[in-house]
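Here's the letter readout for the chains.
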Amino acid sequence: MSAEAEEVAHDTVEAAVRAQLAKAFGGVRGIIEAAVPTIAFTLSWISTENLKLSLVVSVSLAVVLLLVRLVQRSTPQFVVNSLIGIAIGAFFASRTGDAKDYFLPGILWNAGYLLAMLVSIVARWPVVGFLIGSVTGDPTAWHKDAGIVRLCTRLTWLLMLPCAVRVAVQGPVYLFGGGDEAVAALGLAKIAMGWPLQVAALAAMLWLLGRGRTPINPQVAS
């Protein structure tokens, strides 16, 4: 769909952001595909305490999910993203021999997202605004309307909260925890704070979006 056609399909900021968020999260299937390899790694480690086996199981499941996507000719984007993260985590853990390092890239990734979104809010260029730009074809036109900037700032705060919670909880466990307890705690925390937190944040964003009808054309909004 062209930018012009998509703009016609979404005549308000709220409708455009809802559509873009649905694409970004990959739906229920994308969420499940991201969680399955982590669940497998955690359960395998808890039951066997064999790091190599747990890594093989996790990466193999991610590859199987990718192959299923390819066979079905559906978009592999979300599985590929998950596989890259899992591969990096497996590399960290295999290099150090410490199973909890499997979770370090995820913690760093969330910390990076948290910092980037916080900077965008402080700079008054909230990252959610660029979702609107991807629809209109002009990445910065939305910034001319103060109402849209305020809306995107609120949405960016909501999008940032899951990252902040993950870093606040998982960071201390990684830094100060030790042994099997730390690995189990990190695995359970990653699962519990993965899609449930993301869905909660998405629901809050959709609730906020459902309250308004801001014209998507800055010339109309001004």
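Our subject is the structure listed above.
From a predicted model like this one, the values you see are computed outputs, not experimental measurements. Going along each chain's sequence as written, the residues are numbered from 1 onward. Per-residue local features are limited, in this predicted model, to residues with pLDDT of at least 70; the limit for side-chain atom pairs, both in listing and counting, is 80 or more; totals at the level of whole chains, interfaces and linings are taken over all residues. Side-chain numbers come from the whole structure's heavy atoms, not from hydrogens or water.

Even after reading the chapter, I still don't get the overall build of the protein chain, so can you show me in this structure?
To qualify as a helix, a DSSP run of H or I must reach at least 4 residues; to qualify as a strand, a run of E must reach at least 2; elements of each kind are numbered from the N terminus. From N to C terminus, the protein chain includes 11 helices and 0 strands. The order of helices and strands in the protein chain, counted from the N terminus, is α-α-α-α-α-α-α-α-α-α-α. Throughout, a residue-residue contact means that at least one pair of heavy atoms, one from each residue, lies within 4.5 Å. Taking the contacts inside the protein chain whose residues are at least 6 apart along the sequence as the reference set, 71% of them involve residues at least 24 apart. Calculation of accessible area relied on Shrake-Rupley with a 1.4 Å probe; when residues are assessed, cover is drawn exclusively from the protein chains displayed. Just so you have it, the protein chain exposes about 11,600 Å², and 69% of that area is on carbon and sulfur atoms.

Explain a nonpolar patch on the surface to me, please; I cannot follow it from the model alone.
The residues that make up patches have over 30% relative accessible area and no salt bridge, and they are joined within 9 Å when like-charged or within 5 Å when they are Val, Leu, Ile, Met, Phe, Trp or Tyr. The salt bridge definition used is simple: a Lys or Arg side-chain nitrogen within 4 Å of an Asp or Glu carboxyl oxygen. Taken together, the side chains of Val63, Leu67 and Leu70 present a nonpolar region at the surface, about 250 Å² in accessible area. Along the polypeptide, Leu70 turns up in helix α4 (residues 51–72).

How do you make sense of the environment of Phe130 when you look at a structure like this?
Here Phe130 is to be found in helix α7 (residues 129–136). Only protein chains enter the accessibility calculation, which uses a 1.4 Å probe; a residue is then buried when its area is under 20% of its type maximum, exposed when over 50%, and partly exposed in between. Classification of Phe130 as partly exposed rests on a relative accessible area of 36%. Separated by 11 residues in sequence, Phe130 and Ala141 have C-alpha atoms that sit 9.5 Å apart. Sequence-distant contacts of Phe130, defined by excluding residues within four places in its chain, comprise Trp125, Pro139 and Trp142.

How should unusual backbone geometry be read in this particular structure?
Leaving glycine out, the prevailing phi sign among residues is negative, and the prevailing peptide bond configuration is trans. We note that Arg124 has phi near 65°; this positive angle belongs to a residue other than glycine. Following the sequence through the fold, Arg124 ends up in the loop between α6 (104–122) and α7. Given a relative accessible area of 47%, Arg124 falls into the partly exposed group.

Is there a simple way to explain helix α8 (residues 146–176) in this structure?
Spacing of three or four residues puts side chains on the same side of an α-helix, whose turn is 3.6 residues. Any helix carries an expected span of 1.5 Å times its number of residues minus one. Given a rise of 1.5 Å per residue, 31 residues ought to cover 45 Å, and the 44 Å separating the end C-alpha atoms of α8 matches this to within 8%. The reported bend at a residue is simply the angle between two axes, fitted to the 7 residues ending at it and to the 7 residues beginning with it. At Met160, α8 shows its strongest bend, of approximately 30°, with the proline Pro162 following within four residues. Side-chain atoms alone can form a polar contact between residues adjacent in sequence; in general such a contact is a pair of N or O atoms within 3.5 Å, and within protein one must be able to donate a hydrogen while the other accepts it. Where α8 starts, the residue carrying a side-chain oxygen 2.9 Å from the main-chain nitrogen of Gly147 turns out to be Asp145.

I tried to follow the packing of α8 against helix α9 (residues 179–192) on my own but got confused; where do I start?
The description of two helices packed together rests on the angle between their axes and the distance between the axes. At a minimum axis distance of 10 Å, the contact between α8 and α9 shows a crossing angle of 165°. Here α8 is positioned roughly antiparallel relative to α9, judged by the angle of their axes. Seen from above, α8 lies across α9 with left-handed handedness. For the pair α8 and α9, contact is made by Gln170, Val173 and Tyr174 and by Ala182, Ala185, Leu186, Ala189 and Lys190, respectively. To define axes, lines are fitted to C-alpha atoms, for helices over the stretch in contact only, and angles between the resulting N-to-C directions are given on a 0 to 180 degree scale. Oblique is the label for every angle not falling under 35 degrees (roughly parallel), over 145 degrees (roughly antiparallel), or within 65 to 115 degrees (roughly perpendicular). Take the far helix as your reference; a near helix turned counterclockwise from it by less than a right angle gives a left-handed crossing, and one turned clockwise gives a right-handed crossing.

Hey, could you run me through helix α10 (residues 195–209) in this one?
Here α10 contains 15 residues, and its C-alpha end-to-end distance of 20 Å stays within 8% of the 21 Å for a straight helix at 1.5 Å per residue. Taken together, the buried positions of α10 are Gln198, Ala201, Leu202, Met205, Leu208 and Leu209. Viewed along the axis of α10, the buried residues span an arc of 120°, placing them on a single side of the element. As used here, the arc belongs to the directions running from the helix axis to the C-beta atoms.

I'm lost on the nonpolar core in this one. Help?
For soluble globular proteins, the rule of thumb is that nonpolar side chains tend to be buried together. In this text, buried Ala, Val, Leu, Ile, Met, Phe, Trp, Tyr and Cys residues form a nonpolar core when linked through side-chain atoms within 4.5 Å. Of all hydrophobic cores here, the largest spans 20 residues; its most connected members are Phe41, Leu51, Leu55, Ala99, Tyr102, Phe103 and Val183. Listing elements by their share of this core, those giving two or more residues are α3 (27–48), α4, α5 (77–96), α6 and α9. Ignoring anything within four residues of it in the chain, the contact list for Phe103 reads Thr38, Phe41, Thr42, Val183, Leu186, Gly187 and Lys190. In this structure, Ile132, Leu155, Met205 and Leu209 belong to the second largest nonpolar core, which totals 15 residues.

Just checking my understanding: could you explain the packing of α6 against α8 for this structure?
The geometry of α6 relative to α8 is characterised by a closest axis approach of 8 Å and an angle of 145° between their N-to-C directions. Judged by the sense of rotation from one axis to the other, the crossing of α6 with α8 is left-handed. Here Leu104, Ile107, Asn110, Ala111, Tyr113, Leu114, Met117, Leu118, Ser120 and Ile121 of α6 lie close against α8, whose contacting residues are Thr153, Thr156, Trp157, Leu159, Met160, Cys163, Ala164, Arg166, Val167, Gln170, Gly171 and Tyr174. Each residue gets one label: Ala, Val, Leu, Ile, Met, Phe, Trp, Tyr, Cys and Pro are nonpolar, Asp, Glu, Lys and Arg are charged, and the others, such as Gly, are polar. Looking at the contact of α6 with α8, its residues break down into 15 nonpolar, 6 polar and 1 charged.

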